[in-house]
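# Descriptive analysis of the structure
The lines below spell out each chain.
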Amino acid sequence: KQEVTQIPAALSVPEGENLVLNCSFTDSAIYNLQWFRQDPGKGLTSLLLIQSSQREQTSGRLNASLDKSSGRSTLYIAASQPGDSATYLCAVMNTGNQFYFGTGTSLTVIP
Amino acid sequence: DVKVTQSSRYLVKRTGEKVFLECVQDMDHENMFWYRQDPGLGLRLIYFSYDVKMKEKGDIPEGYSVSREKKERFSLILESASTNQTSMYLCASISGTGAEKLFFGSGTQLSVL
């Protein structure tokens, strides 16, 4: 069964710093990978979707990369802001619309 | 943009009550999902549906049932609520191609006393 791991579980950085969040998965036969943001007590919001044939996707200050063969993805956040404070989850989709989620990285950006 | 609406943000129920959680999406998505999210355990799939009246068990279906009578609506039913079902419940939907983003509702925090 697919297992998705996110390290670290929590991260605290000063405002303005660039940072990288990591996601690893055990089965490389994925259809796509998504990064989500979750604010406390709220649902998940999709940030970036990378299809299995793609290497990276960018949206504003966010850049996500995918290395399927090594089972890894990273989410790069440039020039972090206090408003970026949230939990970030990655999820892989296998065939048959089956999703597997990591437990997330809780990010705190200190003003 | 796609909207997935969950009928309640917070619910408080008593042990043994029958509980209905409603989810509606407005983008004609074929696939809908119910997850529960608990600290340290992440998201766990309860049930999913790939078409009207079709349903599949997820990883933790015990104590739950679902109903999908119309394409836009997917209901989660707790037949007899128990304290260990206190959790955040999240509904999600995606198109049939699966090549798009997964959209979530804002969640229902259920407390069973």
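Details of the structure are given in the entry above.
Predicted model only: the values in this text are computed from it and were never measured.

## Points about the nonpolar core
Leu33, Trp35, Leu75 and Tyr88 of chain A are the most contacted members of the largest nonpolar core, which totals 24 residues. Breaking this core down by element, the ones donating at least two residues are β3 (19–25), β4 (32–38), β5 (44–51), β7 (62–67), β8 (72–77), β9 (86–94) and β11 (105–110) of chain A. Sequence-distant contacts of Tyr88 of chain A, that is, excluding residues within four places in its chain, are made with Gln6, Leu21, Phe36, Arg37, Leu47, Leu75, Ile77, Gly104, Thr105 and Leu107 of chain A. Among the nonpolar cores identified, the runner-up in size contains 21 residues, and Tyr47, Tyr64, Val66 and Tyr89 of chain B belong to it.

## Points about the interface of chain A and chain B
Counting residues at the interface gives 21 residues for chain A and 26 residues for chain B. Both sides of the chain A and chain B interface together cover about 1,600 Å² of buried area, and 55% of this is carbon and sulfur. Put simply, chain A and chain B have one salt bridge between them. For the salt bridge of Asp59 of chain B with Lys1 of chain A, the shortest nitrogen-to-oxygen distance reads 3.7 Å. Our enumeration of links across chain A and chain B arrives at four residue pairs in polar contact (both at pLDDT 80 or more). If you list the elements that add at least two residues to the side of chain A that touches chain B, you get β4, β5, β9 and β10 (98–101) of chain A.

Reading guide: rules and limits
Residues numbered from 1 in each chain as written. Chains lettered and ligands numbered in written order. Predicted model: local features only at pLDDT ≥ 70, side-chain atom pairs only at ≥ 80, totals over all residues. Heavy atoms only, no water. Core = buried A, V, L, I, M, F, W, Y, C linked by side-chain atoms within 4.5 Å. Buried < 20%, exposed > 50% of the residue type's maximum accessible area, 1.4 Å probe, protein only. Helix = DSSP H or I, 4+ residues; strand = E, 2+ residues; numbered from the N terminus. Contact = heavy atoms within 4.5 Å. Buried area = accessible area lost by both parts, 1.4 Å probe. Salt bridge = Lys/Arg side-chain N within 4 Å of Asp/Glu carboxyl O. Polar contact = N/O pair within 3.5 Å; in protein donor to acceptor, adjacent residues only side chain to side chain.

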